[in-house]
Amino acid sequence: MEFSIKLSLYFEIKDSYIYGGEDSIGYICTAIELNHLNYEKDNLFNKKELMEVYISEQTKNTAKFCKIPVECVRVISKEEYEENTDDD
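The paragraphs below set out a description of the structure included in this document. (Residues numbered from 1 in each chain as written. Predicted model: local features only at pLDDT ≥ 70, side-chain atom pairs only at ≥ 80, totals over all residues. Heavy atoms only, no water.)

### Side note on the overall build of the protein
Okay, step 1: When helices and strands are tallied, the protein shows two helices and three strands.
Okay, step 2: Walking the protein from its N terminus toward its C terminus, one meets helices and strands in the order β-β-α-β-α.
Okay, step 3: Overall, the C-alpha framework of the protein stretches about 50 × 30 × 15 Å when taken along its three principal axes.
Okay, step 4: Put simply, the protein has 88 residues, and 32% of those count as buried.
Okay, step 5: Here the analysis covers contacts within the protein between residues at least 6 apart in sequence; of these, 58% occur between residues at least 24 apart. (Helix = DSSP H or I, 4+ residues; strand = E, 2+ residues; numbered from the N terminus. Buried < 20%, exposed > 50% of the residue type's maximum accessible area, 1.4 Å probe, protein only. Contact = heavy atoms within 4.5 Å.)

In structure tokens:
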């Protein structure tokens, strides 16, 4: 069986110049869409170890993009992201 999935990761970013430097907090969402996945074979969505590696790499890449230590990047829930990025 093949299917398509969109995976979004949400991050809280601290101390990045992008959001104002030291003591600032901002939020980033990254997303990928994968098509024609075969769920019967090991892949990012059905093997925990692969998902953990993906999340770790995305966290490191986000820190590098923001020019901050990886400790300043925290994976958060979609709900927390939406609460803190609501334009109302």
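Okay, back to it.
### Details of unusual backbone geometry
Okay, step 1: At Asp23, a position not held by glycine, the phi torsion is positive, near 70°.
Okay, step 2: Among the residues examined, Asp23 registers a relative accessible area of 69% and is labelled exposed.
Okay, step 3: Phi at Lys67 takes a positive value of approximately 60°, unusual for a residue other than glycine.
Okay, step 4: Along the chain, Lys67 turns up in the loop between helix 1 (48-66) and strand 3 (73-76).
Okay, step 5: Take Lys67: its relative accessible area is 64%, and that puts it in the exposed class.

### Remarks on the sheet that holds strand 2 (residues 25-38)
One key point about sheets: their strands pair by backbone hydrogen bonds, in either a parallel or an antiparallel sense.
Okay, step 1: Sheet architecture is open: three strands sit in the order 2-1-3, paired in antiparallel fashion. Each having just a single partner strand, strand 2 and strand 3 make up the two edges of the open sheet. Ignoring strand direction, the axes of neighbouring strands in this sheet form an average angle of 30°.
Okay, step 2: Here strand 1 (residues 2-14) runs beside strand 3; their pairing, made up of four bridges, is antiparallel. In the sheet register, Tyr10 faces strand 3, and the bridge partner there is Ile76.
Okay, step 3: Packed onto the sheet, helix 1 meets strand 1, strand 2 and strand 3 and runs at close to 45° relative to strand 1.
Okay, step 4: The sheet strands contacting helix 2 (residues 78-85) are strand 1, strand 2 and strand 3, and the helix crosses strand 2 at an angle near 135°. (Pairing = 2+ DSSP bridges. Axes fitted to C-alpha atoms, helices over the stretch in contact; angles between N-to-C directions.)

### Some words on the pairing of strand 1
Okay, step 1: Where strand 1 meets strand 2, 12 bridges bridge the pair, whose relative direction is antiparallel. Residue pairing for strand 2: Ile5 is matched across the bridge by Leu34.

### Considerations on the packing of aromatic side chains
Okay, step 1: According to the stated counting rule, one finds one aromatic pair in the structure shown.
Okay, step 2: Seen in terms of ring centroids, Tyr10 and Tyr81 are 4.9 Å apart; in terms of plane orientation they differ by 45°. Their pairing is tilted. Of this pair, Tyr10 sits in strand 1 while Tyr81 sits in helix 2, placing them 71 residues apart in sequence. For the pair Tyr10 and Tyr81, a shared accessibility class is recorded, and that class is buried. (Phe/Tyr/Trp six-rings, centres within 6.5 Å; stacked < 30°, edge-to-face > 60°.)

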